[in-house]
Amino acid sequence: MKTLLFGKGGSGKSTLTALVAKSLVEKGCNVLVIDNDESNFGLHRQLNMSLPDDFMDFLGGKKRLINKMMKSRSEEKDLNLFDDKWDFETIPDEYVVRNGNLYLMAVGKIHEFGEGCACPMGVLARQLINNIETGENDFVLVDTEAGIEHFGRGVEEGCDVLFMVLDPSYESIRLSEKMDWIVDGIDKPLYYICNRAEGDAREILCSKLPDDKLVATVPVNESIFKAGLLGNEFQFTVPEIEDISDFLINYQPK
Ligand SMILES: Nc1ncnc2c1ncn2[C@@H]1O[C@H](COP(=O)(O)OP(=O)(O)OP(=O)(O)O)[C@@H](O)[C@H]1O
Ligand SMILES: [Mg+2]
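Residues numbered from 1 in each chain as written. Chains lettered and ligands numbered in written order. Predicted model: local features only at pLDDT ≥ 70, side-chain atom pairs only at ≥ 80, totals over all residues. Heavy atoms only, no water.

**Side note on the pairing of strand S7 (residues 190-195)**
Here S7 lies mainly inside the structure; six of its six residues are buried. Because side chains alternate across S7, one face comprises the buried residues Leu 190, Tyr 192 and Cys 194, and the other comprises Tyr 191, Ile 193 and Asn 195, equally buried. Sheet topology note: the strand S6 (residues 161-166)/S7 ladder contains five bridges and is parallel. By the bridge assignment for S7, Met 164 is matched with Tyr 192. (Buried < 20%, exposed > 50% of the residue type's maximum accessible area, 1.4 Å probe, protein only. Helix = DSSP H or I, 4+ residues; strand = E, 2+ residues; numbered from the N terminus. Pairing = 2+ DSSP bridges.)

**Structural notes on helix H4 (residues 119-131)**
The end-to-end C-alpha distance of H4, which contains 13 residues, comes to 18 Å, matching closely the 18 Å that a straight helix rising 1.5 Å per residue would cover. Among the 13 residues that make up H4, 10 are buried, leaving the element largely enclosed by the rest of the structure. Turning to H4, its buried residues are Pro 120, Met 121, Gly 122, Val 123, Leu 124, Ala 125, Gln 127, Leu 128, Ile 129 and Asn 131. Where H4 is buried, its residues meet strand S1 (2-7), strand S2 (30-36), helix H3 (62-74), strand S4 (102-106) and strand S5 (138-144). (Expected span 1.5 Å × (residues − 1). Contact = heavy atoms within 4.5 Å.)

**Looking at the environment of Val 96**
Its place among the elements puts Val 96 in the loop between H3 and strand S3 (97-99). Between the C-alpha atoms of Val 96 and Met 121, which are 25 residues apart in sequence, the distance is 17 Å. Residues in contact with Val 96, not counting those within four places in the same chain, are Pro 52, Ile 91, Tyr 103, Leu 104 and Met 105.

**Here we look at the site of ligand 1**
Among the 20 residues in the neighbourhood of ligand 1, the closest are listed as Lys 13, Ser 14, Thr 15, Asn 195 and Arg 196. Note that an oxygen atom of ligand 1 is positioned 2.5 Å from one of the side-chain N or O atoms of Thr 15. About the coverage of ligand 1: the protein hides 81% of its 630 Å² of free accessible area. Residues of the shell around ligand 1, tallied by class, amount to six nonpolar, 10 polar and four charged. (Near = heavy atom within 4 Å. Polar contact = N/O pair within 3.5 Å; in protein donor to acceptor, adjacent residues only side chain to side chain. Areas by Shrake-Rupley, 256 points an atom, 1.4 Å probe, with all protein chains shown as cover. Nonpolar A, V, L, I, M, F, W, Y, C, P; charged D, E, K, R; others polar.)

**With respect to the environment of Val 238**
Along the chain, Val 238 falls in the loop between helix H8 (222-230) and helix H9 (239-250). Relative accessible area serves as the criterion here: at 2%, Val 238 is assigned to the buried category. Expressed as a C-alpha distance, the spacing of Val 238 and Arg 202, which sit 36 residues apart in the sequence, is 17 Å. Beyond its immediate stretch of four places on either side in the chain, Val 238 contacts Val 218, Asn 221 and Ile 224.

**Thoughts on the packing of H3 against H4**
It is at 10 Å that the axes of H3 and H4 come closest, and there the two elements cross at 75°. If you check the angle between H3 and H4, you find them roughly perpendicular. Together, Lys 62, Leu 65, Ile 66 and Met 69 of H3 and Pro 120, Met 121, Val 123 and Leu 124 of H4 make up the contact between the two elements. Across the contact of H3 with H4, the residue classes break down as seven nonpolar, no polar and one charged. (Axes fitted to C-alpha atoms, helices over the stretch in contact; angles between N-to-C directions. Parallel < 35°, antiparallel > 145°, perpendicular 65-115°, else oblique.)

**Notes on helix H6 (residues 170-186)**
Compared with an ideal rise of 1.5 Å per residue, which puts 17 residues at 24 Å, H6 spans 24 Å between its outermost C-alpha atoms and is within 8% of the ideal. Residues Ser 172, Ile 173, Leu 175, Ser 176, Met 179, Ile 182, Val 183 and Ile 186 constitute the buried set of H6. Contact partners of the buried residues in H6: S1, helix H5 (149-152), S6, S7 and helix H7 (199-207). Two residues or fewer past H6, Asp 187 is found with a positive phi of approximately 55°.

**So, the pairing of S6**
Most of S6 sits out of view: six of its six residues are buried. Residues of S6 alternate between two faces, with Val 161, Phe 163 and Val 165 on one and Leu 162, Met 164 and Leu 166 on the opposite face, all of them buried. For the crossover from S6 across H6 to S7, the handedness is right-handed. (Right-handed = clockwise from strand over helix to strand, strands pointing away.)

**Overview of a negative patch on the surface**
On the surface, Asp 53, Asp 57, Asp 93 and Glu 94 cluster together into a negatively charged patch. Within the secondary structure, Asp 93 is located in the loop between H3 and S3. (Patch = residues over 30% accessible without salt bridge, like charges linked within 9 Å, V, L, I, M, F, W, Y side chains within 5 Å. Salt bridge = Lys/Arg side-chain N within 4 Å of Asp/Glu carboxyl O. Lys, Arg positive; Asp, Glu negative; His and termini not counted. Charge placed at Lys NZ, Arg CZ, Asp CG, Glu CD.)

**Some points on the sheet that holds S5**
Taking strand neighbours across the sheet as the criterion, the eight strands line up as S3-S4-S2-S5-S1-S6-S7-S8 in an open arrangement whose pairing is mixed. Only two strands of the sheet have a single partner each, and these edge strands are S3 and strand S8 (214-218). Ignoring strand direction, the axes of neighbouring strands in this sheet form an average angle of 20°. Contacts from helix H1 (residues 13-26) reach S1, S2, S4, S5, S6, S7 and S8, with the element oriented near 170° to S5.

**Description of the side chain of Asp 35**
Inspection of the secondary structure puts Asp 35 in strand S2. Owing to a relative accessible area of 4%, Asp 35 belongs among the buried residues under this scheme. For Asp 35, the contacting residues outside a window of four places in its chain are Asn 40, Leu 43, Leu 104, Met 105, Ala 106, Val 107, Lys 109 and Asp 143.

This is a description of form; function is not addressed.
Below is the structure:
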């Protein structure tokens, strides 16, 4: 089972990814979190893990990947970056940090000023997600950068389910409306999670979404906020997060 969380900047993608990952592990699942946001550096801290080496280095860095992409295009060949399929155990050690049944990979971070274009990241993420095989009890959670550009790069291709995270804002509502037609084009089941939504804001946000696609509404939570502010591990449970992990465990493809 592979899942991707996306949404507007600051809606809570990374927070929910970390909380859901921990909840799934508590329930006995194996979870691989793929950090596909090249700008932010907080996710590994919330999982209490060190930051793995950039997976981009596996291919010799961004420049080499760009060269490979250009070569395959000029030769009109499909770009194939991997020789064998991997499961969680066979991902090369340098690129995965493990804590019990929780695994973390980072596709690539921006380390220097002017590193530029995120396209190779998208290409690599797409191929990586496609290349990982999951067993019955294995879950891959992909945390994405803000916005929907990654859809243009096909990052969602290997995922079974997409979660859009909405905060109570006009931008999130607009983005959810856009998703109606985007999701038609990519043909993936799409579900919604409202985050930091309470009172009237919760009512308004939920009224804009189809009932049968709304998996959870996570309230403003003081523990989440504090841990997020201090870059601390999430060491608590939140009932609505349990609902999301149960949803994933019980998910039956239609
Ligand atoms: N339910 C919540 N209750 C309280 N604070 C929250 C909640 N969800 C997220 N936050 C806080 O909101 C901020 C944004 O969350 P987060 O970094 O997860 O968003 P994001 O969508 O991953 O952002 P980005 O687009 O920058 O990657 C963080 O400070 C986080 O601690
Ligand atoms: Mg984030």
